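Below are the chains, spelled out letter by letter.
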Amino acid sequence: MITRILPGQSDSALQEAAELLRCGATVAFPTDTVYGLGAHALNAEAVHKIYEAKGRPSDKPLIILICDKTQLDMLAADVPEQAQKLMDVFWPGPLTLVFQKKADVVPDYVTRGFETVAVRMPNHPVALNLLKKAEVPVAAPSANLSGNPSAVNAEQVIKDLDGRIAAVVDGGSCQVGIASTILDMSGTVPVILRQGSVTKAQLEAVLGQPVEDGFGSAGKQVKA
Ligand code: AMP
Ligand code: MG
């Protein structure tokens, strides 16, 4: 496969990238944190291509990126009021929230058997524009070979994934440079599954309640 490089500032190129996503191809694109490797989240073959391209362990669930809150209502069974507060402050931005999933909508091949779904709204004009044009929820882990550092520009994506994905949207370098903070809001107490640029203190200040540390347990909760 020849990996195309599409310019992120071109509206027609983004339209093409969106079309690729809708049709089940894999497309890497910039977000505020790192480059993501996207695929149609509700298309089994498309999601499988992410695992193949990255050499990603099959038990690791994927984060779904969205561009507006109505998409969240489609994916999450329950959005607690506390999570709403966090979204008001940190979305779009580098915070991923984990919710109980709508089991009839969110397939097991995305969540790898978990009853939860991880969702984020990235704060990046190219990512938001692409997601809007794609009109589907897009599963997107970091755009690197599994085990390698996250890519923060298109050149690094190409270094790892050239010939393995349909396209990369070149939108320059990512601002934050580290993966999102992941906070599990699906239980009685909020738990940080991965520390990113949003800190525990910031989360606690918004929530007005303590947050537990569960670093390293991302995707390791008890499966259904
Ligand atoms: P990456 O593959 O680098 O994009 O990281 C995605 C992270 O999100 C991994 O650590 C996953 O385990 C985590 N993740 C995705 N979905 C879920 C979920 N439903 N529950 C908990 N963690 C999740
Ligand atoms: Mg990663």
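Here the structure is a predicted model, which is why all the values come from computation and not from measurement. (Residues numbered from 1 in each chain as written. Chains lettered and ligands numbered in written order. Predicted model: local features only at pLDDT ≥ 70, side-chain atom pairs only at ≥ 80, totals over all residues. Heavy atoms only, no water.)

J.: Give me the overall build of the protein chain: which residues, what numbers.
T.: Tallying secondary structure elements over the protein chain gives 8 helices and 11 strands in all. For 224 residues, the compact-globule estimate of 2.2 N^0.38 gives 17 Å, and the C-alpha radius of gyration of the protein chain, at 16 Å, lies within 12% of that figure. If one aligns the C-alpha atoms of the protein chain with their principal axes, the spans along those axes are about 50 × 35 × 30 Å. Per-residue burial for the protein chain yields a buried fraction of 50% across its 224 residues. Within the protein chain, contacts between residues at least 6 apart in sequence are counted, and of these 64% link residues at least 24 apart. Within the structure as shown, the protein chain displays about 9,600 Å² of accessible surface, and the carbon and sulfur contribution to it stands at 52%. (Helix = DSSP H or I, 4+ residues; strand = E, 2+ residues; numbered from the N terminus. Rg over C-alpha atoms; globule rule 2.2 N^0.38 Å. Buried < 20%, exposed > 50% of the residue type's maximum accessible area, 1.4 Å probe, protein only. Contact = heavy atoms within 4.5 Å. Areas by Shrake-Rupley, 256 points an atom, 1.4 Å probe, with all protein chains shown as cover.)

J.: Explain the packing of helix α4 (residues 81-90) against helix α8 (residues 200-207) residue by residue, including any values.
T.: Think of two packed helices as two axes; the pair is described by the angle between the axes and how far apart they sit. The geometry of α4 relative to α8 is characterised by a closest axis approach of 9 Å and an angle of 120° between their N-to-C directions. Overall, the two elements α4 and α8 adopt an arrangement that is oblique. At the point where α4 passes α8, the crossing takes the right-handed sense. Contact residues: Q82, K85, L86, V89 and F90 in α4; Q202, L203, V206 and L207 in α8. Residue classes in the contact of α4 with α8 are distributed as 6 nonpolar, 2 polar and 1 charged. (Axes fitted to C-alpha atoms, helices over the stretch in contact; angles between N-to-C directions. Parallel < 35°, antiparallel > 145°, perpendicular 65-115°, else oblique. Left-handed = near helix turned anticlockwise from the far one by under 90°. Nonpolar A, V, L, I, M, F, W, Y, C, P; charged D, E, K, R; others polar.)

J.: Account for the packing of aromatic side chains, naming residues and giving values.
T.: In total, this model carries 0 aromatic pairs according to the counting rule given. Residue placement shows R112 over the ring face of Y51; its charged tip is 4.0 Å from the ring centre. (Phe/Tyr/Trp six-rings, centres within 6.5 Å; stacked < 30°, edge-to-face > 60°. Lys NZ or Arg CZ within 6 Å of the ring centre and 35° of its normal.)

J.: Got a sec to walk through helix α1 (residues 11-22)? Specific residues and values, please.
T.: With 12 residues, α1 should reach 16 Å at 1.5 Å per residue; the first-to-last C-alpha distance of 16 Å fits that figure. Where α1 ends, the next residue or the one after it, G24, has phi of about 95°, a positive value. (Expected span 1.5 Å × (residues − 1).)

J.: Requested: an account of the environment of A83, with residues and values cited.
T.: With respect to the element layout, A83 can be found in helix α4. The exposure class assigned to A83 is buried, which follows from its relative accessible area of 0%. Setting aside residues up to four positions removed in sequence, A83 forms contacts with L97, F99 and M185.

J.: Talk me through the pattern of salt bridges; I want residue IDs and the actual numbers.
T.: When the charged atoms of two side chains with opposite charge come close together, those side chains can pair. The full count for this structure, using the stated rule, is 7 salt bridges. In this structure, R22 engages E19 in a salt bridge whose closest nitrogen and oxygen atoms are separated by 2.5 Å. Of this pair, R22 and E19 both sit in helix α1, separated by 3 residues, roughly a single helical turn. Looking at R22, the relative accessible area reads 27%, which means it is partly exposed. On the basis of relative accessible area, E19 is assigned to the partly exposed category, the value being 39%. Of the charged contacts, one joins K200 and D213 as a salt bridge, the two residues approaching to 3.4 Å between their closest N and O atoms. Of the two residues, K200 sits in helix α8 while D213 sits in strand β11 (residues 212-213), which places them 13 residues apart along the sequence. Classification of K200 by relative accessible area gives partly exposed; the value is 27%. For D213, a relative accessible area of 47% translates into the label partly exposed. (Salt bridge = Lys/Arg side-chain N within 4 Å of Asp/Glu carboxyl O.)

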